[in-house]
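# Per-entry structural report
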Amino acid sequence: MSGRGRGPARQEKARGGAHEPEEMILVVGPPAHGGHCVARPQGEPEGRVVFVRHALPGETVRARITARTSKMWRADAVEALTASPDRVEPVWPEAGPGGVGGGELSHVALPAQRTWKRWVLADCLRRIGGPEVAEAVLALPFSTPPGGVPVEPMPCETAAETAEDPRVRALAGTGTRTRVELAIGDDGAPGMHAFRSATILPVRDLPLAVPAIRDLGLTTRGSWRRRLARARRVQAVAPSAGAPVVIVDGTVLSASGRPLSRQRVDESVDASGLGLGELRYTVRADAFWQVHRDAPRALVEAVTRAALGDEAGGAGASGAGRPGGPRVLELYSGSGLLTLPLALLGGEVISLEGSERAVRDADRNLRPAPRARLMAGRVTGASVTELGRSFSPGGDGRADVVVLDPPRQGAGRDVIEAIVGVGPARVVLVACDPAALARDVGSLLRGGYRLEGLRALDMFPHTHHFETIAVLQRP
Ligand SMILES: C[S@@+](CC[C@H](N)C(=O)[O-])C[C@H]1O[C@@H](n2cnc3c(N)ncnc32)[C@H](O)[C@@H]1O
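Here the structure is a predicted model, which is why all the values come from computation and not from measurement.

### Thoughts on the sheet that holds strand S20 (residues 426-431)
Pairing between the strands of a sheet is mediated by backbone hydrogen bonds and can be parallel or antiparallel. Here we have eight strands laid out as an open sheet, ordered S7-S21-S22-S20-S19-S16-S17-S18, and mixed in their pairing. The outermost strands of the open sheet, each flanked by one partner alone, are strand S7 (151-153) and strand S18 (373-376). Between one strand axis and the next, the sheet turns through 15° on average, direction left out of account. In terms of strand pairing, S20 meets strand S22 (residues 467-473) through six bridges, oriented antiparallel. Each residue of the ladder has a partner; that of Ala-431, found in S22, is Thr-468. In this fold helix H1 (residues 110-127) packs onto S7, strand S21 (450-458) and S22, with an angle of close to 150° to the strand it touches most, S7. Each of strand S16 (328-331), strand S19 (401-404) and S20 is contacted by helix H11 (residues 413-422), which is oriented at about 160° to S19, the strand it contacts most.

### A closer look at the domain arrangement of the protein chain
Often, the extent of an interface is quoted as the loss of accessible area upon association of its parts. What the domain assignment lists for the protein chain is domain 1 (23-87) and domain 2 (179-267). Here domain 1 and domain 2 have C-alpha centroids that lie 34 Å from each other.

### Looking at the confidence of the model for the protein chain
Confidence in the prediction of the protein chain, expressed as mean pLDDT, is 91, and 92% of residues score 70 or more. Per-residue pLDDT stays below 50 along residues 1-10; that stretch engages in 24 contacts with residues further than four places along the chain or on separate chains. When the criterion is pLDDT under 50, residues 313-321 qualifies, and its contacts beyond four places in sequence or with other chains add up to 22 contacts.

### Considering the UniProt feature "active site" (unreviewed entry) in the protein chain
When the UniProt feature table is mapped to this numbering, "active site" (unreviewed entry) covers Cys-432. Structurally, Cys-432 can be placed in the loop between S20 and helix H12 (434-446). Not counting residues up to four positions away in its chain, the partners in contact with Cys-432 are Arg-408, Phe-466 and Glu-467.

### Points about the pairing of S21
Two faces belong to every sheet, and in a regular strand the side chains alternate between them. Judged from the three bridges that link them, S7 and S21 form a sheet pairing that is parallel. Paired with Glu-152 across the two strands is Leu-457, which belongs to S21. Summarising the sheet, S21 and S22 pair through seven bridges and their orientation is antiparallel. What sits directly across from Arg-450, in S22, is Gln-473.

### Some remarks on the site of the ligand
Residues in close proximity to the ligand total 15 residues, the closest being Gln-290, Glu-353, Gly-354, Val-379 and Asp-405. Measuring from a nitrogen atom of the ligand, one finds a backbone N or O atom of Gly-354 at 2.9 Å. One of the side-chain N or O atoms of Asp-405 is found 2.8 Å from a nitrogen atom in the ligand. Protein contact buries 84% of the 600 Å² of open area that the ligand shows by itself. Residue classes in the shell around the ligand are distributed as seven nonpolar, five polar and three charged.

### A look at the state of the cysteines
One covalent bond between the sulfur atoms of two cysteine residues makes up a disulfide. Using the criterion set out here, one finds zero disulfides in the structure. The thiol of Cys-156 is unpaired, and the distance to the nearest cysteine sulfur, on Cys-432, comes to 19 Å. The class of Cys-156 is buried, set by a relative accessible area of 15%. Here Cys-432 falls in the buried class, since its relative accessible area comes to 15%.

### Thoughts on the side chain of Ser-268
Mapped onto the secondary structure, Ser-268 falls in strand S14 (residues 264-270). Among the polar contacts listed, one links the side chain of Ser-268 to the side chain of Glu-278, at a separation of 2.7 Å. When near neighbours in sequence (up to four residues on either side) are disregarded, Ser-268 contacts Ser-240, Ala-241, Glu-278, Leu-279 and Arg-280.

### Describing the sheet that holds strand S13 (residues 251-253)
Spatially, six strands are ordered S10-S9-S8-S11-S12-S13 in an open sheet, and the strand pairing comes out antiparallel. Sheet topology places strand S10 (200-202) and S13 at the edges, where each strand pairs with a single neighbour. Within this sheet the neighbouring strands show an average axis-to-axis angle of 35°, counted without direction. Pairing of strand S8 (residues 179-184) with strand S11 (residues 233-237), which is carried by five bridges, proceeds in the antiparallel orientation. The partner of Val-180 across the bridge, within S11, is Ala-236.

### Some words on the pairing of S22
Judged by how many residues are buried, S22 sits mostly within the fold: seven of seven residues are covered. Of the two faces of S22, the one lined by Glu-467, Ile-469, Val-471 and Gln-473 and the one lined by Thr-468, Ala-470 and Leu-472 are each fully buried.

Basis of the calculations
- Residues numbered from 1 in each chain as written.
- Predicted model: local features only at pLDDT ≥ 70, side-chain atom pairs only at ≥ 80, totals over all residues.
- Heavy atoms only, no water.
- Pairing = 2+ DSSP bridges.
- Helix = DSSP H or I, 4+ residues; strand = E, 2+ residues; numbered from the N terminus.
- Axes fitted to C-alpha atoms, helices over the stretch in contact; angles between N-to-C directions.
- Contact = heavy atoms within 4.5 Å.
- Domains from an automatic or database assignment.
- pLDDT = per-residue confidence, 0-100.
- UniProt positions renumbered as here; feature names shortened; annotations may be inferred.
- Near = heavy atom within 4 Å.
- Polar contact = N/O pair within 3.5 Å; in protein donor to acceptor, adjacent residues only side chain to side chain.
- Areas by Shrake-Rupley, 256 points an atom, 1.4 Å probe, with all protein chains shown as cover.
- Nonpolar A, V, L, I, M, F, W, Y, C, P; charged D, E, K, R; others polar.
- Disulfide = S-S within 2.5 Å.
- Buried < 20%, exposed > 50% of the residue type's maximum accessible area, 1.4 Å probe, protein only.

Dropping the structure here:
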């Protein structure tokens, strides 16, 4: 093990007092948000909760305590004494007990990972969103108790899970990440952070990465290991339209380690389902881009249909009947992944994004849709209120649809209240965190919106993360 840096962001001590155990036998309860299951050990102080990773609901496990606070302990299951039928040989042992973060469900069969995520979604909607959100979700067609909606696999997972060859089925959910980040330990070895820790553990294998990244040999080849030994931050990027690149402390290198003058990569997204053919994008190599290889296409289709309805070949248009299509305000728009199809199929589009570099990329990417207005600036209550009312004269100049894809913490109350104040007919909310989703949907319901649809997409197999898309309509 090698270490560097400051220590965990939130300090939790692993060692207990003289009479506190280092290991315990636990009967494991349901999964909770964050990639662990909840256990309530018998004979422990009333209400003590242990968050156990690397376990499955219903299992009895021997667990090693990894952190203690006054309210809860954390533990890693190191042995399943009675194993769940959903337990499988982990596809990434280095992310197992005591290992790196980012592959915490790799011991769970893929369909059971989606059941796990469905349960977590339902739990967040109920506990964090409150009864109003829980009821709204239960009223949706696909929802069944305890709430939540099915978590849908990405197309390449469906293909692998239904393959005849058991070896292909066993590897379902691997080989899908087009972006990987490595840290370099004090000993110069490439690795990743241990769970909730600044400690860097060496890794040999990157099974979740697409083959183009694995084949680079960043963690195994001597030439790369020598080159990376003094680096701090290493990113590997496998764009959909071009060769992979490696970014070492900001310098973009080819697969053979040669510095490249071009700082950008090309992405192409099949939008034939929307009648748009191939969408082309160029983005800075280190810019945000959806990580799962099927994610750009899935999001483009799902969000464009949800936002534009009939105009995008779907049902239930919002702003329908307006000449030229609905007016769309898009918040947190990045390099324009969603802006482009919205602008090609919708009416007027205004987007707002905080990163100026991303807006410069979006500006090029939106050349086929020159009427889109791309704004750089923070999404705040004030900026939403202003932009939401600044569409061309005609009607009342307000947005018909607001699309938002905020970072993990969600949009927050101020921004949602400003959206409610603008009063679009439809809001399409993309969220990568179910707790933030529950909060933001709750604020929209309290603002008078009705939940019309909710989809959950498994864009991060073998981790506890997933993406959700909520559609809300003003009655
Ligand atoms: C989840 S990404 C979505 C980007 C885009 N929809 C996509 O799929 O590629 C969130 C984006 O929000 C931007 N962002 C984060 N906080 C922001 C803020 N307060 N104001 C404006 N943009 C912000 C980030 O730079 C990032 O591009």
